[in-house]
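Summary of the model geometry
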Amino acid sequence: MSSEGAPLVVCVVVNWNGWRDTVACVESVAAQDYPSLQILVVDNGSTDDSVQQIQAAFPQIELLHAEQNRGFAAGSNVGIRCALKRGAAFVWLLNNDTTAPSDTLSRLMDAAEERVGMVGTVLRYMHDPTKIQAWGGGSVSRWSGFVRHFRAPERLNENSYLTFASVLLRREMLETAGLLDEGYFMYFEDSDLSFRARGAGWQIAVAADTAVLHKEGGSAGSRKSTRVDRIVTASGLRFLKRYGRPGATAQVVFVLSRLGKRAVRGNLTGMGAVLRGVRDWRRGEPMAFREEP
């Protein structure tokens, strides 16, 4: 397909203090065989030398700057808005800690049939590509917030979501369902948009012949487990308020389950992080990577 006949796709990669991963990721995107592709990198308020390193590696690629790290959803939206202004027919969100084989985007586009608003990617572990990390996404319980990754092909239903480590988003879907909800700092924003897309009449699909390598967890930084406990708790509560059955009961089950699992292991630090996540959610603001308790 010539570039004249191919819909424009803009790939958005969000960086936060991870320029080495970002450089490797963008190199793999630049090698895609799809003929009508542009790349945007969003630096999400990095405090290291990411901006200088990325600009030096890719002087030809536009680097957008977010003043502070407001999370994955907010950073992605900076890139999505710019992509839509450029006239993109599709936006390819790609985590900076991934690398994509050169035929990935072409295969995603092949799967983007008329009423498909989102196309997920088969993710494999970077350290062991023989193992599947997620077959496009997974399912999330509306009763408890429990998330299960698909490890093999499964039928997508009303509880299914696509993981945004690598996902192709159709312009018309974004225009009808909206962008990522910036009330999520990280986690559950993919489930939220997957559910909203279906609610707006769009289908979601998985390009089964893709194989993106993903490190997983690279954006959480140091003290990862405590931060993840805290962020997942706040994001899960936000998600269940909107989609839980019923919302308040599902939220209680979600928090008690997370506390119980950590109590059984004697993980008092983790229990404290869950409770701080509850506090973050009650404040109504997405959590930043704060240092205070």
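Structure: above.
Basis of the calculations
- Residues numbered from 1 in each chain as written.
- Predicted model: local features only at pLDDT ≥ 70, side-chain atom pairs only at ≥ 80, totals over all residues.
- Heavy atoms only, no water.
- Pairing = 2+ DSSP bridges.
- Helix = DSSP H or I, 4+ residues; strand = E, 2+ residues; numbered from the N terminus.
- Axes fitted to C-alpha atoms, helices over the stretch in contact; angles between N-to-C directions.
- Buried < 20%, exposed > 50% of the residue type's maximum accessible area, 1.4 Å probe, protein only.
- Arc of directions from axis to C-beta.
- Contact = heavy atoms within 4.5 Å.
- Core = buried A, V, L, I, M, F, W, Y, C linked by side-chain atoms within 4.5 Å.

1. Considering the pairing of strand β7 (residues 132–135)
Across three bridges, strand β6 (residues 116–125) lies against β7 in antiparallel orientation. Residue Arg124 lies in a different strand from β7, and its bridge partner there is Ile132. The hairpin turn running from β6 into β7, its antiparallel successor, is six residues long.

2. Description of the sheet that holds strand β8 (residues 137–140)
As summarised here, the arrangement of the three strands in space is β9-β8-β10, forming an open sheet in which the pairing is antiparallel. Strands with a single pairing partner mark the edges of an open sheet, and in this sheet they are β9 (147–149) and β10 (160–162). In this sheet, adjacent strand axes meet at a mean angle of 30° when their direction is disregarded. As paired elements, β8 and β10 share three bridges and run antiparallel to each other. Directly across from Ser139, in β10, lies its bridge partner Ser160.

3. Comments concerning helix α2 (residues 50–57)
Burial in α2 covers these residues: Ser50, Val51 and Ile54. With its buried residues spanning 95° around the axis, α2 presents them on a single face. Exposed residues pointing more than 90 degrees away from the buried face of α2 are listed as Gln52 and Ala56. Its buried side turned inward, α2 meets β1 (9–15), α1 (19–30), β2 (37–44) and β3 (62–66).

4. Overview of the nonpolar core
With 35 residues, the main nonpolar core has Val9, Trp92, Leu94, Leu105, Val119 and Leu168 as its most contacted residues. Those elements that provide at least two residues to this core are β1, α1, β2, α2, β4 (90–94), α4 (104–111), β6 and β12 (203–214). The greatest single-element share of this core, amounting to five residues, is contributed by α1. Leave out the neighbours within four places in its chain, and Leu168 touches Val9, Phe90, Val91, Trp92, Leu105, Leu108, Met109, Ala112, Gly117, Met118 and Val119. By size, the runner-up hydrophobic cluster in this structure holds 33 residues, among which are Leu64, Cys82, Leu84 and Met186.

Everything listed is a geometric property; what it means functionally is a separate question.
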